Amino acid sequence: MKNEVKKTYGWSRTTSDTSNIFYVESKEDIIKVIKLAKTESKKISNIGSGKSYGDNFLNDEVSISFAKFNKVLNYDKKNKKVTVEPGVTIDDLLRITVNDGLMFPVLPGIRYASVGGCLSNNVHGKNVYKNNYFGNHVESLKVILSNESVLFCDRSKNSDLFFSIISGLGLIGFVYEITLNLEEIETYFVDQYQIKNKRINNLIHDYTKFINECDFSLALIDNGSIFRKKQGYKLTYSNYSEKVSKLNLDQHELKPFMFGIIPKIFVPFILKLPFMKYLMYQFMGFWSSGKVGYFKEMTVSLSDYNFQFDHTIPKYNYFFKKGLIEYHCMIPKALFEEFYKKTIIKMKKEKLKTVFTAIKYYQNSGENFLLSFEPEEDSLGLSIHFDNKHKKKIDTFIDQLNELILEYNGKVYFAKNININNDQLQMMYPGYSKFVDMKKKYDSEDLLTSNLYKRIFLEKSKFYGQY
Ligand SMILES: Cc1cc2nc3c(=O)[nH]c(=O)nc-3n(C[C@H](O)[C@H](O)[C@H](O)COP(=O)(O)OP(=O)(O)OC[C@H]3O[C@@H](n4cnc5c(N)ncnc54)[C@H](O)[C@@H]3O)c2cc1C
């Protein structure tokens, strides 16, 4: 097994740390690292594909990377199931199953996220209102605990482990085998429709009208361009296509051009040009409001629809010297409009603008995942991306935003950047105290860690504010 001492960044490049990373390829390798860490009195963080925005997988001691632990162990087409090692990615799953008319039903916006990473954050896709969360489609797991024992868990056997490890932020055990349920699809293409309009109340009205009828949806709002005062939004919703019934990944490969015109090899040089960041704000704002790239109706592959960033502006996290912050929160639907308006007023007061603002519809999964980013009732989620240049100003704004989120019974998502304290964590996530009990039960030595854990779960750590 290879290992290296390496500085690693969260995807949004706002925070980093240097750890001794072991690239495990088997469960025996995991046990070796556990033994070694214990001998050296060090703690371990788990790394999937490293696509979480913040410090979920970062550590300054020892880390296990699952990137090379990535074999498909069993693919049962008849029963629509696949058993994989944790390093298998969403992209791998699509390549294996789509041609057979099968698909894993939850696709986050990044294709390279791993199965182990997705279940630990219990991620969701643009179809969360219809298909719930990653964990809803996990049948069973095999886990190595920090005492080196091996456990199988599902909804009936060791169910407390199952419900704490899914959404458990990599803090309960080392997942080494996962069985997933696949869904049948008749086409990998979607017919997508767009509506553009001006005000937030129109957007919520339109969104409410279409949410029950569509398979996937996302709304974007211009809060960053020179026309942002007049605002504007674009709601895109889509259904599995009735026009194109192809089961292939024709439009899946990443394009060689950024924005369709700039060869990707020039991207690193172009990013350094001083006006590039300004152009980015304008482009994203215009795109979000439908001023550019707008169409009423279009059929595209699900990859084109779902992985919009990979396809249009790959590596957009590198545009901003000090990284970018995505603050993703969720608010009950009935209170959302008021919450949104107050958020925007506060943002304007602080003279902040966002690269990108997105809204998505959520509903409860009906399962008891302990730290899951899911509501008790219908909710709308707000994803706001800030350039990190004025970090102090953003810190102050986020402090105010956290209070507002709590006032409106909302919560902040762990997979993106999150900066809350332990009291706020307990108020936002009712499963917190049960989760702490599960951590004590299954990781009694507190071997599994991350900078996120030290920062939010353990009080007064040196990582406070480094989100
Ligand atoms: C451009 C972009 C778009 C995104 N869109 C969405 C979206 O639409 N919806 C959404 O929900 N999220 C989204 N995300 C977030 C992303 O899907 C999650 O952060 C996901 O968990 C990343 O997976 P990963 O493999 O990179 O895991 P990592 O980020 O490496 O790790 C995530 C967590 O999993 C733990 N972990 C990893 N492997 C194991 C294992 N084998 N055993 C135990 N613990 C483990 C880690 O310790 C960590 O706590 C997006 C991210 C990006 C960059």
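Calculation notes
- What you see as residue numbers is a count from 1 along each chain, following the sequence as written.
- In view of the model being predicted, local features appear only for residues whose pLDDT reaches at least 70, and side-chain atom pairs are presented and counted only at 80 or more, with totals across whole chains, interfaces and linings using the full set of residues.
- The numbering of helices and of strands both runs from the N terminus, where a helix is a DSSP run of H or I of at least 4 residues and a strand a run of E of at least 2.
- Every helix has an expected span of 1.5 Å times one less than the residues it contains.
- Residues are called buried when their C-beta atom has 20 or more other C-beta atoms within 10 Å, exposed when it has 12 or fewer, and partly exposed otherwise; all C-beta atoms are positioned from the backbone.
- The contact criterion used is a C-beta to C-beta distance within 7 Å, with each C-beta placed from the backbone.
- Residues are counted as near a molecule or strand when the C-beta atom, derived from backbone positions, lies within 6 Å of that molecule or strand.
- Residue polarity follows a fixed list, in which Ala, Val, Leu, Ile, Met, Phe, Trp, Tyr, Cys and Pro are nonpolar, Asp, Glu, Lys and Arg are charged, and the others, Gly among them, are polar.
- Strands pair, by our definition, only if DSSP identifies at least two bridges between them.
- Here an angle of 0 to 180 degrees is reported between the N-to-C directions of two axes, which are lines fitted to C-alpha atoms, with helices fitted over the stretch in contact.

Peer 1: Looking at this model, I keep getting lost on helix H11 (residues 333-349). Mind explaining?
Peer 2: For an α-helix, the turn length of 3.6 residues means that residues three or four places apart are oriented alike. Its 17 residues give H11 an end-to-end C-alpha distance of 25 Å, which sits within 8% of 24 Å, the value for a rise of 1.5 Å per residue. Residues Phe336, Phe339, Tyr340 and Thr343 constitute the buried set of H11. Elements that come into contact with the buried residues of H11 comprise helix H6 (200-210), strand S18 (324-332), strand S20 (379-387) and helix H12 (391-407). Two residues or fewer after H11 comes lysine 351, characterised by a positive phi angle close to 55°.

Peer 1: For this particular structure, what's the right way to read the site of the ligand?
Peer 2: In the region of the ligand, 33 residues are neighbours, and Gly48, Gly109, Gly116, Gly117 and Gly170 sit closest. Of all the elements in the fold, those that place two or more residues in the shell around the ligand are strand S3 (44-47), helix H3 (115-121) and strand S10 (174-181). Ranked by residue count, the leading element in the shell around the ligand is H3, at 5 residues. Tallied by class, the residues present in the shell around the ligand amount to 15 nonpolar, 17 polar and 1 charged.

Peer 1: When you look at the sheet that holds strand S6 (residues 81-84) in this model, what are you seeing that I'm missing?
Peer 2: Strand pairing in a sheet takes place through backbone hydrogen bonds and is either antiparallel or parallel in direction. Judged by pairing direction, the sheet is antiparallel, and its 5 strands sit side by side in the order S5-S6-S10-S8-S9 without closing on themselves. The sheet is open, and its two edges are formed by strand S5 (72-76) and strand S9 (150-154), each paired on a single side. Each neighbouring strand pair of the sheet contributes to a mean axis angle of 10°, computed without reference to strand direction. Two elements, strand S8 (residues 138-144) and S9, share 5 bridges in a ladder whose sense is antiparallel. Following the sheet pairing, isoleucine 144 is matched in S9 by valine 150.

Peer 1: What am I meant to see in the sheet that holds strand S21 (residues 411-412) here?
Peer 2: The strand order across the open sheet built from 8 strands is S17-S12-S14-S13-S19-S20-S18-S21, with neighbouring strands paired in antiparallel fashion. Here the strands that pair on one side only, and so sit at the sheet edges, are strand S17 (297-301) and S21. Taken together, the 3 bridges between strand S13 (residues 216-221) and strand S19 (residues 356-362) define a ladder with antiparallel strand orientation. Bridge pairing in S19 places isoleucine 221 opposite threonine 357. Taken strand by strand, helix H8 (residues 276-289) contacts strand S12 (189-197), S13, strand S14 (233-240) and S19, and its axis lies near 60° from that of S14. Against the sheet, H11 makes contact with S18 and S20, and its axis sits at roughly 135° relative to S18, the strand it touches most.

Keep in mind that these numbers describe shape and distance, not what the molecule does.
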